[in-house]
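Letter by letter, the chains look like this.
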Amino acid sequence: MFQKTSFTTLIVGVFIVYVLHTCWVMYGIVYTKPCENPRSDKCISPYLASNPPLQLSIYTALRPNGDGGHSLIHREEAFDVHTRFERLINVSLPKKTRKNGTLYAMVFVHQPGMSPWQDPRQVHLVTQLTTYMLPKPPEVSLITGEDEPQQQQNPSMGVDDKLDRPVSHWRSRLTLNIVAENFHFDREALPSDVHRYMKVFQSGRKMVYLPLLFIDQLSNRVKDLVEINSSTTELPLTISYDTIALGKLRFWIHMQDAVYSLQQFGFTEKDADEIKGIFVDTNLYFLALTFFVAAFHLLFDFLAFKNDISFWKQKKSMVGMSSKAVLWRCFSTIVIFLYLLDEQTSLLVLIPAGIGSLIEVWKVKKAFKIYFMWKGGKPTFLFGKSDESEKRTEEYDSLAMKYLSYLLYPLCVGGAVYALVFVKYKSWYSWLINSLVNGVYAFGFLFMLPQLFVNYKLKSVAHLPWKAFMYKAFNTFIDDVFAFIITMPTSHRLACFRDDAVFLIYLYQRWLYPVDKTRVNEYGVSYDEDPKKKIHKD
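Per chain, residue numbering runs from 1 following the sequence as it is written. Predicted model: local features are reported for residues with pLDDT of at least 70 only, side-chain atom pairs are reported and counted for 80 or more only, and whole-chain, interface and lining totals are derived from all residues. Side-chain measures here rest on the full set of heavy atoms in the structure, leaving out hydrogens and waters.

K.L.:
Is there a simple way to think about helix 6 (residues 269-280) in this case?
P.N.:
Residues that lie three or four places apart on an α-helix share one face, since the helix turns once every 3.6 residues. Only runs of H or I of at least four residues qualify as helices and only runs of E of at least two qualify as strands under DSSP, and these elements are numbered from the N terminus. Multiplying one less than the number of residues by 1.5 Å gives the expected span of a helix. Between its first and last C-alpha, helix 6 extends 15 Å over 12 residues, near the 16 Å set by a 1.5 Å rise per residue. Throughout this description, buried means an accessible area under 20% of the type-specific maximum (1.4 Å probe, protein chains only), exposed means over 50%, and partly exposed covers the range between. When we look at burial in helix 6, the residues that qualify are Glu269, Asp271, Ala272, Asp273, Ile275, Lys276, Gly277 and Phe279.

Pasting the structure below:
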């Protein structure tokens, strides 16, 4: 009655629904319905429409409510909300802050000539000027044993305690925004995200809202943090102000809340910083393009993952497959995972890398026919035997790796020696992992060449998982586009295009050694790799 729906079709359908739903949600965030009749009592009018004189005052305090004293650090007496500015000031640190304490900034927009504490029409926000984070460990030259110049350490704690305990860091930037457009809100359709930033008062029969002040927490990046020592009496603070559109304000509020939620779930400051970089380092239009590209990238990743697993799950013979390329792929994936772990990379990147490493280990088990069983209460590993066709493939594979080693080993050793002499690392382990991962990044594409050599010798490509190859190729092309749009190192751009060159050779081999779709090929593998589909030989 009904045609059976494939799993891939179902996933693509869910993906399309997800993208459309996300677009609708994003539209609801950036678009706010204005009040149709600004003179109506149902409208909330902007206080800035009358161009009132304003003053900006910024205080520091040890507590968020200002109890226990506060100090004025900056004042803009003739504050024009339409004029952006940037000020660099020096802030004195209280004794408690220097002893691994916290310091808050209290930002007021109020009427000039009046204390903000007595002004009934003032708006203010409070933010932390400090945050807690593990200090960066010193980097040592493994040849000379000399440390890099470091900031003076806190004498009240040892080196080991200092590296294990989070210490107070100074946020050297304070970014302020105000919605300067004269937008009339509908009282019956007031967005909840704007409501908590809105302060209103009654003016006759109308409701008037005071300036929408916003402190941009997404601009607080790890690269701007400065470790606070007990001997530090003052630190620089850059105060930056600019106007912000209402749609961008609402989007920024949602993103800021999302980052805060992740931190509550255990994400560190460094994890949150990587997420902030996605929004801060790109404009909104490019961010929207990045979302669509990333969504398709995720879809292709999933489909490649699904087809790769299906292919290797059904794989019974290694005829035509380079087992050494599978082994080196597993090794390189594990090295990259250890490198990310050593660099304390975000969990968003670390977890997929760990899962990928486990999958590669499983593929090695399938490729080398390794079986695990318990015998006499002890684990035992058994290795399957190869038939004549597989042995012939292994001979070609070994010959290809022999030729490849003439180029690969000198390059890797030379890179490791260079890093040992000229680069400083935290430990010998860091040097080893960095040397290995640099070799993997620089020469990892060479491990794809043995498979090309095996294809050439056997004059066949029917044994390859072409569906997974195609999805991976689509992702590689996407990476190529972004390698030129986004500022990236030249080595990374070359890394993207070298994979394309190898894939083009695969396509050429596919054209050179065509597959007959109407029969099972000479290696016992059908064209569509579907064992459930009955295929008869000619």
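K.L.:
I keep staring at the nonpolar core and nothing clicks. Help me out?
P.N.:
The tendency in soluble globular proteins is for nonpolar side chains to be buried side by side. What makes a nonpolar core is a set of buried Ala, Val, Leu, Ile, Met, Phe, Trp, Tyr and Cys residues whose side-chain atoms join them at distances within 4.5 Å. Formed by 32 residues in total, the largest nonpolar core has its most connected members in Phe79, Val107, Val109, Trp170, Leu176, Ile178 and Leu237. Of the residues forming this core, the biggest block, 4 residues, is contributed by strand 15 (residues 234-243). In this structure, Phe79 is in contact with Leu54, Gln55, Leu56, Phe85, Val109, Ile178 and Tyr241, ignoring residues within four places of it in sequence. Of all hydrophobic cores here, the second largest spans 24 residues; its members include Val179, Tyr197, Met198 and Phe279. Between two residues, a contact is recorded if the distance between any of their heavy atoms is within 4.5 Å.

K.L.:
Help me understand the state of the cysteines, please; the structure alone is not making it clear to me.
P.N.:
Think of a disulfide as a covalent bridge from one cysteine sulfur atom to another cysteine sulfur atom. Note that a disulfide, as used here, is simply two cysteine sulfur atoms within 2.5 Å. Across all of its chains, the model carries 1 disulfide by this definition. Cys35 shares a disulfide with Cys43; S-S distance 1.6 Å. Residues Cys35 and Cys43 are joined by a disulfide whose S-S torsion is about -65 degrees; by sign, that bridge is left-handed. Summarising the burial analysis for this pair, Cys35 and Cys43 share the class buried.

K.L.:
I tried to follow the confidence of the model for the chain on my own but got confused; where do I start?
P.N.:
As a general rule, the predicted coordinates of low-pLDDT regions are not to be interpreted in detail. Residue-level confidence of the predictor, termed pLDDT, takes values from 0 up to 100. Averaged over all residues, the pLDDT of the chain equals 76, while 73% of them reach at least 70. Mean pLDDT values for the elements of the chain range from 52 in helix 3 (residues 159-164) up to 95 in strand 5 (residues 104-110). Counted against residues more than four places away or in other chains, residues 487-492, with its pLDDT under 50, gives 4 contacts. Counting contacts from residues 527-538, a segment whose pLDDT is below 50, to residues more than four positions away or on other chains yields 23 contacts.

K.L.:
I keep staring at the side chain of Ser168 and nothing clicks. Help me out?
P.N.:
Position of Ser168 among the secondary structure elements: in strand 8 (residues 167-171). The contact partners of Ser168, leaving out residues within four places of it in the chain, are Asn100, Gly101, Thr130, Thr131, Tyr132, Glu227 and Ile228.

K.L.:
Would you explain the sheet that holds strand 7 (residues 130-133) in this entry?
P.N.:
Each strand in a sheet pairs with its neighbour through backbone hydrogen bonds, running either in the same direction (parallel) or in the opposite one (antiparallel). A sheet is described by the order of its strands in space; here 3 strands give the open sequence 7-8-14, paired in antiparallel fashion. Looking along the sheet, the strands with just one partner apiece sit at the ends: strand 7 and strand 14 (225-227). Within the sheet, the average angular offset between the axes of one strand and its neighbour, ignoring direction, is 40 degrees. Strand pairing is assigned whenever DSSP identifies at least 2 bridges connecting the two strands. As judged from the 4 bridges shared by strand 7 and strand 8, these two strands associate in the antiparallel manner. In the strand pairing of strand 8, Met133 is matched with Val167. Angular values range over 0 to 180 degrees, each being the angle between N-to-C directions of two axes fitted as lines to C-alpha atoms, with helices fitted over their stretch in contact.

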